[in-house]
Amino acid sequence: MSTLEVGPASSGTSLPIERDKRLMVASGRASQELAARITERLGVGLTEAGLKTFSDGEVYCRYEESIRGADLFIVQSIAGSAREGLTVNDALMELLVMVEAAQGASTHRVIAVCPWFGYSRQDKKSMPREPITARLVAKLLETAGIDRLLTMDLHAGQVQGFFSQPVDHMTAMPILTRYVADQMGEEADVVVISPDAGRVKLTRNFARKLGAPYALLEKQRPAQQVAEIGYVIGDVKDKVAVIVDDIIDTGGTLAAAAQTVLDAGASKVYAVATHGVFSGNAFETLASSPLSGIVVTDTVPLREGAPDIIRTLTCADTLTESVRKIFADESVSEIFAGENQLF
Ligand code: R5P
């Protein structure tokens, strides 16, 4: 079965006709494993999108069955995939092409499921003459024809404001908090660390869930992709530090943060984050850092060669429940009992 159907069969000729609802899920090539986890949980097959790359690098898509009248959920994080030979820009273009094809094939609604919303970190001008790429990608998706976006732990919640269509902003923080609570037990003297001022609210709520204190790091970026951590604000002495971030990209922030926290007296340091982008030399940087363990979710597939300290948890349950509720027009924030607004 490739669709989930609800509602009475439309029969007879008198109006109004109640439309049968059909849920369909397609996947871009950057998110195939996650899409498979979602369809397995939903109990539907994946709708084949017939994706190809032409010899000049252009992307082609043709859905291999009718998607007319369906709510089509297109799963694609805006991230490169070494295995598929895709750059982040290929993944974005592929998503746009899939949305365009779905629009033209008379779907009822097209929902982009982008657990990792690439380009979201450029969400304001930090210097004159820079682009705001988060806004650009929002415009591109809406121009291609999405009816809504389902995403996770945006770099800044305000990115939702670049969309005029609804955005369902989910969070993996409950998954990560639960994991840390289970691993650390009640005996460990834990302190939760925010790697920069932008994460304080998230860190405070994470710490509150664990019943632990939190501390903050003073971070500067002297150049793009270079992180310098100044000092720790708060007490970390003899405690097990857990750094909480939204993204790990080059690993520079985490490696510097871990060293600073240990220098301030922490006994051990771990890190958790929603999105493990791990670009460039991230694996080498993190393997040679003093971090004892790193946990990320599968919003971005972990490429080969990851060091043993990295562990992945799936966020498929949260996304599956979100898809189900969007399809059924039910409240999505119920998944978190409204607490997704806390992160
Ligand atoms: C910064 O504001 C973000 O929350 C992350 O700390 C940052 O993007 C991580 O990047 P990297 O791993 O390249 O230091």
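Up top you'll find the structure we're talking about.
So, a few notes on the structure that sits alongside this text. (Residues numbered from 1 in each chain as written. Predicted model: local features only at pLDDT ≥ 70, side-chain atom pairs only at ≥ 80, totals over all residues. Heavy atoms only, no water.)

## Remarks on the pairing of strand S9 (residues 190-194)
In the case of a regular strand, side chains alternate between the two sheet surfaces. Most of S9 sits out of view: five of its five residues are buried. Side chains Val190, Val192 and Ser194 of S9 all project onto a buried face; the interleaved residues Val191 and Ile193 project onto the opposite face, where all are buried too. In terms of strand pairing, S9 meets strand S12 (residues 240-248) through four bridges, oriented parallel. Residue pairing for S12: Val191 is matched across the bridge by Ala241. Sheet topology places S9 next to strand S10 (residues 214-223); three bridges connect them, and they run parallel. Pairing of Ile193 across the sheet is with Ala215, part of S10. (Buried < 20%, exposed > 50% of the residue type's maximum accessible area, 1.4 Å probe, protein only. Helix = DSSP H or I, 4+ residues; strand = E, 2+ residues; numbered from the N terminus. Pairing = 2+ DSSP bridges.)

## As for the packing of aromatic side chains
Overall, the coordinates contain three aromatic pairs when judged by the stated rule. With a centroid separation of 5.7 Å and 55° between ring planes, the pair formed by Phe54 and Tyr60 is classed as tilted. Each ring, one from Phe278 and one from Phe283, has its centre 5.4 Å from the other, and the planes form 45°; the classification is tilted. Classification of Phe278 as buried rests on a relative accessible area of 2%. One Lys or Arg, Lys21, reaches over the ring of Phe327 and ends 5.0 Å from the middle of that ring. A cation over an aromatic ring shows up here: Arg303 above the ring of Phe283, its NZ or CZ 4.2 Å from the ring centre. (Phe/Tyr/Trp six-rings, centres within 6.5 Å; stacked < 30°, edge-to-face > 60°. Lys NZ or Arg CZ within 6 Å of the ring centre and 35° of its normal.)

## A short note on the site of the ligand
Among the 15 residues in the neighbourhood of the ligand, the closest are listed as Asp245, Asp246, Asp249, Thr250 and Thr253. Note that an oxygen atom of the ligand is positioned 3.5 Å from one of the side-chain N or O atoms of Asp196. The separation between an oxygen atom of the ligand and a polar side-chain atom of Lys219 is 3.4 Å. Relative to its free-state accessible area of 380 Å², the ligand is covered by the protein chains to the extent of 92%. (Near = heavy atom within 4 Å. Polar contact = N/O pair within 3.5 Å; in protein donor to acceptor, adjacent residues only side chain to side chain. Areas by Shrake-Rupley, 256 points an atom, 1.4 Å probe, with all protein chains shown as cover.)

## Points about the pattern of salt bridges
In the structure shown here, the tally under the stated rule is 18 salt bridges. Here Asp329 and Arg109 are joined by a salt bridge, their closest N and O atoms 3.7 Å apart. Placement of Asp329 in the segment after helix H8 (316-327) and of Arg109 in strand S6 (residues 109-114) is noted, with a sequence separation of 220 residues between them. The exposure class assigned to Asp329 is exposed, which follows from its relative accessible area of 57%. Given the relative accessible area of 14%, Arg109 is considered buried. With its nearest N and O atoms 2.9 Å apart, the salt bridge here joins Arg148 to Asp168. Pair noted here: Arg148 is in strand S7 (residues 148-152) and Asp168 is in strand S8 (residues 167-170), with a separation of 20 residues, a long-range link. Overall, Asp168 belongs to the buried group, its relative accessible area being 9%. (Salt bridge = Lys/Arg side-chain N within 4 Å of Asp/Glu carboxyl O.)

## Description of the environment of Thr320
Its place among the elements puts Thr320 in helix H8. Not counting residues within four places of it along the chain, the set of residues in contact with Thr320 comprises Ile38, Arg41 and Leu42. A distance of 2.5 Å separates a polar side-chain atom of Thr320 from the backbone oxygen of Ala316. (Contact = heavy atoms within 4.5 Å.)

## Some remarks on the side chain of Asp71
Note that Asp71 resides in strand S5 (residues 70-75). Side-chain polar atoms of Asp71 contact the side chain of Arg109, separated by 2.8 Å. Once residues lying within four places of it in the same chain are set aside, the contact partners of Asp71 are Lys21, Arg22, Leu23, Met24, His108, Arg109, Ile111 and Phe327.

## Quick word on the packing of helix H4 (residues 173-184) against helix H5 (residues 200-210)
Contact geometry of H4 with H5 gives a least axis separation of 10 Å together with a crossing angle of 45°. Overall, the two elements H4 and H5 adopt an arrangement that is oblique. Once H4 is placed against H5, the crossing between them reads as right-handed. The residues of H5 that touch H4, namely those facing Met173, Leu176, Thr177, Val180 and Ala181, are Leu202, Phe206, Lys209 and Leu210. Taken together, the residues of the contact of H4 with H5 break down into seven nonpolar, one polar and one charged. (Axes fitted to C-alpha atoms, helices over the stretch in contact; angles between N-to-C directions. Parallel < 35°, antiparallel > 145°, perpendicular 65-115°, else oblique. Left-handed = near helix turned anticlockwise from the far one by under 90°. Nonpolar A, V, L, I, M, F, W, Y, C, P; charged D, E, K, R; others polar.)

Remember that the coordinates give geometry; whether it matters functionally is a separate question.
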